[in-house]
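Next come the chains, spelled out residue by residue.
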Amino acid sequence: MTHRIVPVISPFGANTLDLEKFRRHAHALLEDKMDFLFIAGTTGLGPSLTSEEKLLMTNELKEVSSKLILQVGSLNLEESVRLAEHAKSSRLHAIAAYPPYFFPRMQDDWVVKYFTTLSKIHPLIAYNYPLATGYEISPGIIKKVNQGGGNVIGVKDTLPELAHMLSFKYELGNDFLVYSGPDTVVTSATRSGLDGSVAGSANYVPELLIKATNIDLPLSEALAAQKTIATLAGLSRKYGQWAANYNLVKIIRGYDVGIPREPIFALGKEAEEKLTTEARAVYTRQ
Ligand code: FW2
């Protein structure tokens, strides 16, 4: 079973969360057959959301709570614990957590304690994106957490190397869920026996994520979808992906998901027009 997971965009307008736009986008993605929505990830600007906003977002989607994964990681463990308890009582599918970030030289045993505390509350997917967090989660850390009574059920691994993702399977066993993070390797990840992907590009091309990760399709068709995803994700990066993702939803899917929260600054008019022309030359939704 391949899981297609969307780290869903958090729509803002004038620095305020727009829950109506969030709700509409979330439901549209589920209608487009995404398996889970990942709230407050990097694409969702998680580190700039308050705990209160994270609660509001999950409450807004109460009727699909079993489809939600809430990223609860923060630099305040007490707040993360509260969010994990909320996830448990709201019966969310799982929680996720990035490690404590920003502080250089985090001690491994602190990280083990952090993940043990959170995963004892609700099943947890470890969020490994060292470029963003400054800390690399190893299979050994997760082993220690689970040996200490924690319940880390999987990892979302955003490192370019497939070998790194596979090392979690090799060391933690086949039942341990490994989701690829980079938009550029979703086809190879599923064809290597991983469990699916958490792909920012699924906000704007969920239909391509399905194709690219469909192991029943001829490889050439899956790779064609992968290539388009990679090209669009590349365009997004060129214009500043944490902001350009919002534009790409509008350009490709045709509805408004608001703007990011500053200091992620919305694209100016000129950049928006250029991105529109370039994206349309690559892909138009049928
Ligand atoms: C997130 C993700 C997805 C990222 C990747 C960004 O939280 O946004 O790993 O798609 O390019 O997990």
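Positions within a chain are numbered from 1, following the residues in the order the chain's sequence is written. Selection of residues for local features in this predicted model requires a pLDDT of at least 70, selection of side-chain atom pairs for listing and counting requires 80 or more, and totals for whole chains, interfaces and linings are taken over all residues. To get the side-chain values, all heavy atoms of the structure are used, and hydrogens and water are removed first.

Chemist: What's the story with the sheet that holds strand β4 (residues 36–39) in this structure? I'm lost.
Modeler: Backbone-to-backbone hydrogen bonds pair the strands of a sheet. The strands run either parallel or antiparallel. Strand pairing follows a simple DSSP-based rule, namely that at least 2 bridges must link the two strands. Every helix listed is a DSSP run of H or I at least four residues long, and every strand listed is a run of E at least two residues long, numbered separately from the N terminus. Read around the closed barrel, the 8 strands follow the order β1-β4-β5-β6-β7-β8-β9-β10; overall the barrel is parallel. Neighbour-to-neighbour, the strand axes of this sheet turn through a mean angle of 25°, independent of strand direction. Judged from the 3 bridges that link them, strand β1 (residues 3–7) and β4 form a sheet pairing that is parallel. Among the inter-strand pairings, P7 is bridged to a residue of β4, identified as F38. Axis geometry follows a simple rule: fit a line to the C-alpha atoms, using only the stretch in contact for helices, then measure angles between N-to-C directions, giving values from 0 to 180 degrees.

Chemist: What is the right way to read unusual backbone geometry from this model?
Modeler: Leave glycine aside and you will find that most residues have negative phi; peptide bonds, for their part, are mostly trans. In this model, E262 is joined to P263 through a cis peptide bond whose omega is 20°. Assignment of secondary structure puts P263 in the loop between α11 (241–253) and α12 (269–282). Non-glycine residue A14 carries a positive phi angle of around 50°. Secondary-structure assignment places A14 in the loop between β2 (12–13) and β3 (16–17). Unlike most non-glycine residues, A40 shows phi in positive territory, near 70°. Relative to the assigned elements, A40 resides in the loop between β4 and α2 (51–60). Using a 1.4 Å probe on the protein chains alone, a residue whose accessible area is under 20% of its type maximum counts as buried, one over 50% counts as exposed, and one in between counts as partly exposed. A40 gets classed as buried once you look at its relative accessible area, which sits at 0%.

Chemist: It is not clear to me how the packing of aromatic side chains should be interpreted in this structure. Could you clarify?
Modeler: Aromatic ring pairs are reported here in terms of the distance separating the ring centres and the angle at which the planes meet. Here is the rule: rings of Phe, Tyr and Trp (six-membered ring for Trp) pair when centre to centre is within 6.5 Å. Planes less than 30 degrees apart are stacked, more than 60 are edge-to-face, and the remainder are tilted. The tally for this structure, following the rule as stated, stands at 6 aromatic pairs. Relative to Y101, the ring of Y98 lies with its centre 5.4 Å away and its plane at 90°, an arrangement referred to as edge-to-face. The buried category is assigned to Y98, whose relative accessible area is 4%. With a relative accessible area of 21%, Y101 lands in the partly exposed category. Geometrically, the ring pair formed by F168 and F176 is stacked, given 6.5 Å between the ring centres and 20° between the ring planes. An identical accessibility class is assigned to F168 and F176; each is buried. Ring pairs connect the aromatic residues F38, Y98, Y101 and Y127, which therefore count as one cluster. In our convention, an over-ring charge means Lys NZ or Arg CZ found within 6 Å of a ring centre and within 35 degrees of that ring's normal. Its guanidinium or amino end placed over the ring of Y127, K156 lies 3.8 Å from that ring's centre, counting from NZ or CZ.

Chemist: What's the story with the environment of V186 in this structure? I'm lost.
Modeler: Looking at the secondary structure, you find V186 in helix α8 (residues 186–191). Relative accessible area serves as the criterion here: at 1%, V186 is assigned to the buried category. It is 9.9 Å that separates the C-alpha atoms of V186 and N214, two residues lying 28 residues apart in sequence. Filtering out sequence-adjacent residues up to four positions away, V186 remains in contact with S180, S197, A199, L209, A212, T213, Q226 and I229. Note on contacts: a residue pair qualifies if any of its non-hydrogen atoms lie within 4.5 Å across the two residues.

Chemist: Before we go on, may I ask you to explain the pattern of salt bridges in this structure?
Modeler: Think of it this way: side chains of opposite charge can pair up when their charged atoms draw near. Any Lys or Arg side-chain nitrogen located within 4 Å of an Asp or Glu carboxyl oxygen qualifies as a salt bridge. The tally for this structure, following the rule as stated, stands at 11 salt bridges. For D32, the salt bridge identified is with R253, shortest N-O distance 2.8 Å. On the criterion of sequence distance, the pair formed by D32 in the loop between α1 (19–31) and β4 and R253 in helix α11 is long-range, its members being 221 residues apart. By relative accessible area, D32 is classed as partly exposed at 22%. On the basis of relative accessibility, which here comes to 8%, the residue R253 falls in the buried class. Note that D195 and K169 form a salt bridge whose closest N and O atoms lie 2.6 Å from each other. Of this pair, D195 sits in the loop between α8 and β10 (196–198) while K169 sits in helix α7 (residues 162–172); the two residues are 26 residues apart in sequence, bridging distant segments of the chain.

Chemist: What's the story with the packing of helix α4 (residues 108–121) against helix α6 (residues 139–147) in this structure? I'm lost.
Modeler: For any two helices packed against each other, the geometry comes down to the angle between their axes and how far apart the axes lie. Put simply, α4 and α6 touch, their axes get as near as 9 Å, and they point 50° apart. Comparing the axis directions of α4 and α6 gives the class oblique. Taken as a pair, α4 and α6 cross one another with a handedness that is right-handed. Only I141, K144 and V145 of α6 make contact with α4, whose side of the interface consists of D108, V111, V112, F115, T116 and S119. Under the scheme applied, nonpolar residues are Ala, Val, Leu, Ile, Met, Phe, Trp, Tyr, Cys and Pro; charged residues are Asp, Glu, Lys and Arg; polar residues are all the others, including Gly. Among the residues making up the contact of α4 with α6, the classes are represented as 5 nonpolar, 2 polar and 2 charged. Angular relationships are summarised with four words: roughly parallel below 35 degrees, roughly antiparallel beyond 145, roughly perpendicular across 65 to 115, and oblique for the angles in between. The crossing is said to be left-handed when, going from far helix to near helix, the turn is anticlockwise and less than a right angle, and right-handed when the turn is clockwise.

Chemist: Hey, could you run me through the site of the ligand in this one?
Modeler: Throughout this document, a residue counts as near a molecule or strand when at least one of its heavy atoms sits within 4 Å of that molecule or strand. Around the ligand lies a shell of 14 residues, among which T42, T43, Y127, K156 and T158 are the nearest. In this structure, an oxygen atom belonging to the ligand sits 2.5 Å away from a side-chain N or O atom of T43. Pairs of N or O atoms within 3.5 Å make up the polar contacts considered here, provided that, within protein, one atom can donate a hydrogen while the other can accept it, and that residues adjacent in sequence are counted only when both atoms are side-chain atoms. The separation between an oxygen atom of the ligand and a polar side-chain atom of D183 is 3.1 Å. The protein chains shown are the only cover counted for residues, whose accessible areas, like all others here, come from Shrake-Rupley with a 1.4 Å probe. Here the ligand, which alone exposes 330 Å², has 97% of that area covered by the protein. In terms of residue class, the shell around the ligand is made up of 5 nonpolar, 7 polar and 2 charged.

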